[in-house]
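# Structural characterization, general
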Amino acid sequence: QVQLVESGGGLVQAGGSLRLSCATPGRTLGRNPMGWFGQAPGKEREFVAAISSNGNTLYADSVKGRFTISRDNAKNTVYLQMNSLKPEDAAVYYCAAESGVRWFPSANQGNYGYWGQGTQVTISS
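Across all of its chains, the model carries 1 disulfide by this definition. Between the sulfur of Cys22 and that of Cys95 lies a disulfide, 2.0 Å long from S to S. Taking the torsion about the sulfur-sulfur bond, which here is approximately -80°, the covalent link between Cys22 and Cys95 counts as left-handed. Residue Cys22 is located in strand β3 (residues 18-23), and its partner Cys95 is located in strand β9 (residues 91-97); the two are separated by 73 residues in the primary sequence. Residue Cys22 shares its accessibility class with Cys95, and that shared class is buried.

Laid out in structure tokens, this is it:
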């Protein structure tokens, strides 16, 4: 079982930045492909960003150029740097992990078997 613990959410003004973290206490991330997904109120959970086993990244069109996903395997942590935040970015953000190895990042939620509890991001305009 893989436990994912997100942190870093909060309230920020539009145009500001946040960095979300996803840690895996007691377990190395190794080469697990990782992803971030967001769920706004009343909407379905949507893909935001993903990073593959070898560090390739993929982004939703809505966040390209503003968000950056990265991983620090030494710290067993994946990050989502969120810049130039917009009101429409407000959501609960979930970290997810695949159990296998993938060389190309995936936006498909069905590929991710492990999920965190989510962290709230609120944007004030």
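Read on for the rest.
So, about the nonpolar core. Counting 34 residues, the largest nonpolar core has Met34, Trp36, Leu80 and Tyr93 as its most contacted members. Those elements that provide at least two residues to this core are β3, β4 (34-39), β5 (46-51), β7 (67-72), β8 (77-82), β9 and β11 (119-124).

Take the side chain of Ser52 next. Within the fold, Ser52 resides in the loop between β5 and β6 (57-59). On the accessibility criterion, Ser52 (0% relative accessible area) is buried. Side-chain polar atoms of Ser52 contact the side chain of Asn54, separated by 2.5 Å.

Phi at Asn76 takes a positive value of approximately 50°, unusual for a residue other than glycine. Owing to a relative accessible area of 19%, Asn76 belongs among the buried residues under this scheme. The backbone of Ser84 shows a phi angle near 50°, a positive value even though the residue is not glycine. Structurally, Ser84 can be placed in the loop between β8 and β9. By relative accessible area, which is 41% here, Ser84 ends up partly exposed.

About the criteria used
The residue numbers shown here count from 1 along each chain, following its written sequence. Side-chain atom pairs in this predicted model are given and counted only at pLDDT of 80 or more, local residue features only at pLDDT of at least 70, and totals for whole chains, interfaces and linings cover all residues. As a convention, hydrogens and water are excluded, and side-chain values are obtained from all of the structure's heavy atoms. A pair of sulfur atoms, both from cysteines and within 2.5 Å, is called a disulfide here. To qualify as a helix, a DSSP run of H or I must reach at least 4 residues; to qualify as a strand, a run of E must reach at least 2; elements of each kind are numbered from the N terminus. The buried label goes to any residue with under 20% of its type's maximum accessible area, the exposed label to any with over 50%, and the partly exposed label to all in between, with areas taken from a 1.4 Å probe on protein chains only. Among buried residues, those of type Ala, Val, Leu, Ile, Met, Phe, Trp, Tyr and Cys that are joined through side-chain atoms within 4.5 Å constitute a nonpolar core. Throughout this description, a polar contact denotes any pair of N or O atoms lying within 3.5 Å of each other; where both atoms belong to protein, one of them has to be capable of donating a hydrogen while the other can accept it, and for residues adjacent in sequence the pair is counted only when both atoms sit in side chains.

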